[in-house]
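# Architecture and fold: a report
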Amino acid sequence: WYPTVQTYSFRRTIAFWGAVTTCEGCLLFLWIDLITTYAIGTPEMLYELTKVPNLVGGFFFMAGIYLSWFELINMDSEKLNANKLHYFWVSIESVTDLGIEKASYVGSLTYLIGAVFYTISQVSDFWELTPGVHSVLIDWPLIVGGLMFFLGGFCELKINKVFETAPTRLVWWVAVLNCYGGL
């Protein structure tokens with residue numbers, strides 16, 4: 001997987017920043033729960049203390065998911081060394097030819113689509129909307145985003161052989177809980 005130093009550095013850097021931005025997004029989502037649970041701030045401050053961190057956290061989370069997708073679609077080290085990176089799309093065959101399961105490709109893509117839908121909802125939540133528009137721009141993107149995260153989690157169940165092995169490994173439980181989190 002690491003034929004050159006450049007390939008190693010690229011993949012390690014992408015993986016690191018993907019993890020950092022995803023964790024930063026999650027911490028901002030936890031901030032919102034902290035503010036609402038303990039009623040921190042005045043009612044006038046609630047908008048700034050919840051909506052802004054939700055949007056920023058959503059962008060961080062989506063960036064982290066995109067970086068994992070970016071890393072996956074650039075696993076072909078020959079193209080990486082030729083500086084011909086893919087930014088949005090690569091055929092599933094080019095990934096499976098490298099020995100990567102289709103479930104990894106599908107799961108990573110569904111996570112990315114789900115994050116885009118969540119971000120649509122987070123951006124739209126900044127405005128007062130009529131009930132019909134609210135349903136289209138906030139409620140349905142949350143439902144579709146959750147479904148995409150569930151499907152991505154289901155792919156993780158397959159990748160980690162949850163249906164074939166006993167629950168004796170940490171990754172088994174992480175995959176199950178991640179899939180459950182999409183519900």
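Small disclaimer: the values here were computed from a predicted structure and weren't measured. (Residues numbered from 1 in each chain as written. Predicted model: local features only at pLDDT ≥ 70, side-chain atom pairs only at ≥ 80, totals over all residues. Heavy atoms only, no water.)

### Comments concerning unusual backbone geometry
The phi angle at Ala39 is positive, at roughly 50°, despite the residue not being glycine. For Ala39, the position within the fold is in the loop between α1 (5–37) and α2 (46–73). For Ala39, a relative accessible area of 59% corresponds to the exposed category. (Helix = DSSP H or I, 4+ residues; strand = E, 2+ residues; numbered from the N terminus. Buried < 20%, exposed > 50% of the residue type's maximum accessible area, 1.4 Å probe, protein only.)

### Regarding the nonpolar core
Counting residues in each nonpolar core, the largest one holds 16 residues, and the members touching the most others are Ile65, Trp69, Leu72, Val95, Tyr105 and Phe149. Listing elements by their share of this core, those giving two or more residues are α2 and α5 (102–124). Here this core gets 6 residues from one element, more than from any other, and that element is α2. Not counting residues within four places of it along the chain, the set of residues in contact with Tyr105 comprises Trp69, Leu72, Trp89, Val90, Ser91, Ile92 and Val95. Counting 5 residues, the second-largest nonpolar core is a separate cluster that includes Leu157, Val162, Trp172 and Cys179. (Core = buried A, V, L, I, M, F, W, Y, C linked by side-chain atoms within 4.5 Å. Contact = heavy atoms within 4.5 Å.)

### Description of the environment of Val95
Locating Val95 in the fold gives a position in helix α4 (residues 92–96). Sequence separation between Val95 and Leu72 is 23 residues; the distance between their C-alpha atoms is 7.8 Å. In contact with Val95, other than residues within four places in its own chain, are Leu72, Val90, Ile100 and Tyr105.

### Re a nonpolar patch on the surface
A contiguous nonpolar surface patch, about 360 Å² in accessible area, is contributed by Val116, Ile120, Val133, Val136 and Leu137. Those elements that provide at least two residues to the nonpolar patch are α5 and α6 (131–159). Ranked by the residues each element gives to the nonpolar patch, the list is headed by α6, at 3 residues. Locating Val136 in the fold gives a position in helix α6. (Patch = residues over 30% accessible without salt bridge, like charges linked within 9 Å, V, L, I, M, F, W, Y side chains within 5 Å. Areas by Shrake-Rupley, 256 points an atom, 1.4 Å probe, with all protein chains shown as cover. Salt bridge = Lys/Arg side-chain N within 4 Å of Asp/Glu carboxyl O.)

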